[in-house]
Amino acid sequence: MKHFLSIASLKPTQAMDLVLRAKVMKQENHRSSLLKDKVLALIFEKASTRTRVSFEVGIRHLGGQTIFMTPADSQLGRSEPLKDTARVLSRYVQGLVVRTFAQKNIEELARFGSIPVVNALTDRYHPCQVMSDMLTIYERTGTWSDVVIAWVGDGNNMAHSWINASAYFGFHLNMACPEGYMPNTDVLDRALRMGGKVFVTDDPKAAMAGAHFVNTDVWASMGQEAEQKKREQAFAGFCVNDELLALADPEVKVMHCLPAHRGEEISEAVLESERSIIFDQAENRLHMQKAILEWVYS
Ligand code: CP
Ligand code: NVA
């Protein structure tokens, strides 16, 4: 039985194969009966538009069915332990797609349950998003080697999954985060030990050098809303706008996992410009979810 809890839990070749498979599935508008007679529970402790809908649709394209659960309408909201939830749901459904807070929550569900668990975002990682972003880049470059990707923003779940991907895909990752909002050193050290080419700075301009793709994300992630004002101060100068992009490769493309806060981490003009590939990114979530599910259930 397989789980998909982080990019780092894959083997390097598996990660690349998954992206290539998603590309084929997209081209052929893939449908199958792989998940026929299977029901997957989507447990979402945080809001979602893209991840929820792309999984719900992707599971149906593979012949399966879904049940959507939140703490508000289940005993999770009344402190039923995850280890009990995992064991109970394992007797009803054939998989869990989980969006939660701590990475250890998802690990606990995987440990105590007897069915596959897929990470639909934790505070630590957002692996399905970054795997799909690997597809969005590959569609434009046909390679990941020598591609320069900049990250401008928080050292958050997205940043950590980008760092994990850097160990496998061979791109250069220029990561600019304000002091105090740097990525986790364990995540970074592991990628560097595995040959990841990651340059970390607190200067967004330095991260632009030669960048083919510039990525950003909200300054306050879900669960950090109370820190919004403090973060707006800390992230001053970290807005992806025309001035910053002028320092990147002339053909630079801009990426954002969405939802975006226009006028904070990205300007309205950039988000709506020809350089933005943000909605292609969102589309690719569907194709990547299907590839991930096929890998888990094959
Ligand atoms: N990018 C992303 O995960 O979006 P949602 O929060 O809408 O799922
Ligand atoms: N870093 C963001 C990503 C949302 C898709 C968050 O966790 O809220």
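In this text the structure is predicted, and so the values were computed from the model without any measurement. (Residues numbered from 1 in each chain as written. Chains lettered and ligands numbered in written order. Predicted model: local features only at pLDDT ≥ 70, side-chain atom pairs only at ≥ 80, totals over all residues. Heavy atoms only, no water.)

Just give me the short version of the overall build of the protein chain, but keep the residues and values in it.
Helices and strands together make up the secondary structure of the protein chain, namely 12 helices and 9 strands. Expected size for 298 residues packed as a compact globule is a radius of gyration near 19 Å; at 19 Å, the protein chain falls within 12% of this value. Taken along the three principal axes of its C-alpha coordinates, the protein chain extends 55 × 45 × 35 Å. Contacts in the protein chain between residues at least 24 apart in sequence constitute 76% of all its contacts with a sequence separation of at least 6. Carbon together with sulfur atoms contributes 51% to the accessible area of the protein chain, which is approximately 12400 Å² in total. Across the protein chain, the centroid of the 33 positively charged side chains sits 8 Å from that of the 36 negatively charged ones. (Helix = DSSP H or I, 4+ residues; strand = E, 2+ residues; numbered from the N terminus. Rg over C-alpha atoms; globule rule 2.2 N^0.38 Å. Contact = heavy atoms within 4.5 Å. Areas by Shrake-Rupley, 256 points an atom, 1.4 Å probe, with all protein chains shown as cover. Lys, Arg positive; Asp, Glu negative; His and termini not counted. Charge placed at Lys NZ, Arg CZ, Asp CG, Glu CD.)

I'd love a proper account of the pairing of strand S7 (residues 197-201), names of residues and values included.
As judged from the 5 bridges shared by strand S6 (residues 172-176) and S7, these two strands associate in the parallel manner. Directly across from asparagine 174, in S7, lies its bridge partner phenylalanine 199. Following the backbone out of S6, through helix H7 (residues 185-193) and into the adjacent parallel S7, one traces a crossover that is right-handed. (Pairing = 2+ DSSP bridges. Right-handed = clockwise from strand over helix to strand, strands pointing away.)

I'd like to hear about the sheet that holds strand S8 (residues 213-216), residue by residue, with values.
The parallel open sheet is built from 5 strands, whose spatial order is S7-S6-S5-S8-S9. The open sheet is flanked by S7 and strand S9 (253-256), the only strands paired with a single partner. Along the sheet, successive strands turn relative to each other by an average axial angle of 20°, direction set aside. Relative to S8, strand S5 (residues 148-152) runs parallel, the two being bridged by 4 bridges. Counted as the bridge partner of isoleucine 149 is phenylalanine 213 from S8. Contacts between helix H6 (residues 157-169) and the sheet are confined to S5, S6, S7 and S8, with S6 contributing the most and set at about 155° to the helix. (Axes fitted to C-alpha atoms, helices over the stretch in contact; angles between N-to-C directions.)

Could you give an account of the site of ligand 2, naming the residues involved and the relevant values?
Within the structure, ligand 2 sits among Leu121, His126, Asn156, Asn157, Asp217, Ser221, Met222, Cys257 and Leu258. For ligand 2, a nitrogen atom lies 3.4 Å from a polar atom in the side chain of asparagine 156. Between ligand 2 and asparagine 157, the relevant distance is 2.8 Å, taken from an oxygen atom to a side-chain nitrogen or oxygen of the residue. Looking at the shell around ligand 2 residue by residue, the class counts come to 4 nonpolar, 4 polar and 1 charged. (Near = heavy atom within 4 Å. Polar contact = N/O pair within 3.5 Å; in protein donor to acceptor, adjacent residues only side chain to side chain. Nonpolar A, V, L, I, M, F, W, Y, C, P; charged D, E, K, R; others polar.)

So, the site of ligand 1: which residues are in play, and what are the values?
Contacts to ligand 1 come from Ser48, Thr49, Arg50, Thr51, Arg99, His126, Gln129, Cys257, Leu258 and Arg285. Contact distances for ligand 1 include 2.8 Å between an oxygen atom and a side-chain N or O atom of arginine 99. A distance of 2.8 Å separates an oxygen atom of ligand 1 from a polar atom in the side chain of histidine 126. Protein contact buries 96% of the 250 Å² of open area that ligand 1 shows by itself.

Before we move on, could you go through the sheet that holds strand S1 (residues 39-44) and cite the residues and values that matter?
An order of S2-S1-S3-S4 is seen for the 4 strands of this open sheet, with the pairing classed as parallel. Every other strand in the sheet has two partners, leaving strand S2 (65-69) and strand S4 (117-119) as the edge strands with one partner each. Each strand axis lies, on average, 20° off the axis of its neighbour in the sheet, ignoring direction. With 5 bridges joining them, S1 and strand S3 (residues 95-99) adopt parallel strand pairing. Residue alanine 41 lies in a different strand from S3, and its bridge partner there is leucine 96.

Any chance you could break down the state of the cysteines for me, citing the residues and the numbers?
Inspection of every chain in the model, using the stated rule, returns 0 disulfides. For cysteine 177, which is in no disulfide, the shortest distance to another cysteine sulfur is to cysteine 257 and amounts to 14 Å. Take cysteine 177: its relative accessible area is 0%, and that puts it in the buried class. Just so you know, cysteine 239 is unpaired, no disulfide at all, and the nearest cysteine sulfur is the one on cysteine 257, 15 Å from it. Relative accessible area serves as the criterion here: at 17%, cysteine 239 is assigned to the buried category. (Disulfide = S-S within 2.5 Å. Buried < 20%, exposed > 50% of the residue type's maximum accessible area, 1.4 Å probe, protein only.)

Could you give an account of unusual backbone geometry, with specific residues and numbers?
Each neighbour pair has its own omega, and for leucine 258 with proline 259 the value is 5°, a cis peptide bond. The topology assignment puts proline 259 in the loop between S9 and helix H11 (268-271). Positive phi values are uncommon outside glycine, yet aspartate 37 reaches one of about 70°. By secondary structure assignment, the location of aspartate 37 is in the loop between helix H1 (12-27) and S1. On the accessibility criterion, aspartate 37 (66% relative accessible area) is exposed. Of note, leucine 258 is a non-glycine position whose phi angle comes to about 65°, a positive value. Tracing the chain through its elements places leucine 258 in the loop between S9 and H11.

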